[in-house]
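Each chain, written out:
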Amino acid sequence: MAAHRCGLFLVIILIFSSLAHPSSCDTLEKADGNVGEKQGVSDAHREVNADGSVTGEDLNERQWQSTDVELDRSDGTEDSEPFRPAPAKDEFQEELVIRPLHSGDIYASFQFRTLWDTDFLQEGQKVSHYRLFPKSLGQVLSKFSVRELHISFTQGFWRTMQWGQPFIPSPPGAELWVWFHHTVSDVDGNWKELTNVLSGIFCASLNFIDLTNTVQPSASFKPLGLGNATDHRFLRYATLPREIVCTENLTPWKKLLPCGSKAGLAVLMKSEKLFHSSFHSQAVHIRPVCQDDQCTNKAWELRQTLNVVFDLYTSGQGKREWSLFKMFSRTLTEACPLASSSKVYVDITDNPEGELFELSPATSLLSQAVVLGDRRTYSVYDLTRAETFGQLRSLNLLLRWKGESGDMLRPLLHAERYVAGFGLQTGEIHTVIYNNHPYRAFPVLLMDSVPWYLQLYIHTLTVTSKSRDNKPSYIHYQPAKDRHRPHLLEMLIQLPPHSMTEVTVQFERALLKWTEYTPDPNHGFYVGSSVVSALVPSMVAMNTNFTKDQPLFSSFVPVKEESSYFVRVYTEPLLVNLPTPDFSMPYNVICLTCTVVAVGYGSFYNLLTRTFQVDEPSPPLAKRLANLVRRIRGVPLLT
């Protein structure tokens, strides 16, 4: 009976299990049906590709088929679309502009532009991926909340009256000006840490920048990128006019490039040739920019510039001809693989028919651009094209002069500065600004930053134009505090047409502490260059539309008016002598004191420590012989 009950119970369990779970045969049939449906979809997809027409349903089926791994969803939901990373929008461009100067020299300007498609200034956004933009600078911008950064290292002085205006001007020595984000609470603290970090990145003496040589200009330096910031509390400006530029500064600068110095235009940057020139300047500019006309997409722009002027006489060249190999000891063989654009421009504006110089190899690509208020024509060599290098796979541009160059047009704006006076107590600073336009007057903004040890007398400030007083329409003056901050003087002056305007101010030299003098105090103390900013009337209509096809050298400063263009001019740095004590006097005092001590104390110590004995006279020779005989015989000696 018990066995019968157990068998009946097992039969009931088998019946319920068969009702609850489908058979394996049904499962196999459904699986075969799904495979058949997928095969039909794939056949339909092949037919669509052969016909060349795609419907909406077929497109969805094709996207579904592109999934390599299918997810098993028990809830019956559809598979999600595959993950596709967004394409990188970073971009890198490189350009070299060669301009023959009327003095016979050659002006070479390198420009490298890196666009970084990110906006880490937004709250809560962190950036950890770097493709083309250097990570060292990206971390600096993010940590210190930098809005704009402009830094330059220059060896030599740009001769405006002989060479014309440069594409991007810079003063002798080191210059640094930074706009911080409005969320920064301690600007001075960020400024101090930033200068120390940049000093390590560029292997420079930027750590000597402190509050004694830092100013906050109110109108001279506006943002060059996005934003119209007017709160100068977040702006800091400083210069080191005595900074020496050498290979130690060029090497880290080249490492910031995506290709380094291994490919592209950077292969021409040989330190031995670059520093054997009349003028050398390297700079780094970082700012936020728009990527399109409507400014819907924003990006960070890193622009690295290097300007060199090669002198005909210092290079030892006997002929008036130049080539890439003579200038840089190298030739171009390829473009940077990461660059979307790599071009070489040669200015042929003054050589339309080839009567001034001959350029080889010839090129059929020509380009026109409005640069600094003048329309210029350039021969273009596109390094991304294989035919540019020819059969030798090498590009060596050659410029051979045929005749003497004509007179150069004088720049419309020019400035000079010098120190007058005599003695080491008082002096006078003269700043001369020239307006060479024949019939147009325009205003200029003059900024002077004078160290605290030159005590300015502002009541002696005079501005004269054509032997008449010229009253500035705007003056901003911040007096100095001894050992805390320098003088800051900004003036808006109207320059009459074809005139010379002179600005003079008297000063008194301060007496420093002996620990504040430099190791070579008789060399003098440097005073940074004056800065003259102006909107100069243009000869031709300026292009106010932003296009990506514009050359880099003509699109750095934004143009807002067709009738004028922005120009910034730097004067010469000043070398001022201060009242200097005779630092050789301590050496003389030490020598005299040591001599007195050695002679006086030595003699006195000798008298105190020497023992004296009476020196009896020696007996005659006969007596000494007699005593000798007595000593042999054992007889007492004679006294």
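Residues numbered from 1 in each chain as written. Predicted model: local features only at pLDDT ≥ 70, side-chain atom pairs only at ≥ 80, totals over all residues. Heavy atoms only, no water.

Per an unreviewed UniProt entry, the recorded name for the protein chain is GPI transamidase component PIG-T, and the organism is Culter alburnus.

Novice: How should I be thinking about a nonpolar patch on the surface in this particular structure?
Specialist: Among the surface-exposed residues, Leu-621, Leu-625, Leu-628 and Ile-632 lie close enough to one another that they form a single nonpolar patch of about 430 Å² accessible area. Inspection of the secondary structure assignment puts Leu-628 in helix H11 (residues 621-633). Note on Leu-628: relative accessible area 44%, which makes it partly exposed. (Patch = residues over 30% accessible without salt bridge, like charges linked within 9 Å, V, L, I, M, F, W, Y side chains within 5 Å. Areas by Shrake-Rupley, 256 points an atom, 1.4 Å probe, with all protein chains shown as cover. Salt bridge = Lys/Arg side-chain N within 4 Å of Asp/Glu carboxyl O. Helix = DSSP H or I, 4+ residues; strand = E, 2+ residues; numbered from the N terminus. Buried < 20%, exposed > 50% of the residue type's maximum accessible area, 1.4 Å probe, protein only.)

Novice: Looking at this model, I keep getting lost on the sheet that holds strand S7 (residues 279-290). Mind explaining?
Specialist: Ordered in space as S5-S6-S4-S3-S7-S8-S2-S1-S10-S13-S12, the eleven strands form an open sheet in which the pairing is mixed. Each having just a single partner strand, strand S5 (214-215) and strand S12 (366-371) make up the two edges of the open sheet. Examined bridge by bridge, strand S10 (residues 341-347) and strand S13 (residues 374-382) share five bridges and lie antiparallel to one another. Within the sheet, the bridge partner assigned to Lys-343 lies in S13 and is Asp-382. In this fold helix H6 (residues 187-202) packs onto strand S3 (146-155), strand S4 (173-180), S5, strand S6 (235-240) and S7, with an angle of close to 135° to the strand it touches most, S4. (Pairing = 2+ DSSP bridges. Contact = heavy atoms within 4.5 Å. Axes fitted to C-alpha atoms, helices over the stretch in contact; angles between N-to-C directions.)

Novice: Looking at this model, I keep getting lost on the pattern of salt bridges. Mind explaining?
Specialist: Working definition: two side chains of opposite charge can pair if their charged atoms are close together. Under the definition given, this model contains 13 salt bridges. Note that Arg-233 is salt-bridged to Asp-231, the shortest N-O span being 2.6 Å. Taking relative accessible area as the criterion, Asp-231 reaches 28% and is therefore assigned partly exposed. With a shortest N-O distance of 4.0 Å, Asp-350 and Arg-376 are connected by a salt bridge. Remark: Arg-376 occurs in strand S13 and Asp-350 occurs in the loop between S10 and strand S11 (357-360); sequence separation between them is 26 residues. Sharing partners across several salt bridges, the network here consists of Arg-113, Arg-287, Glu-301 and Arg-303.

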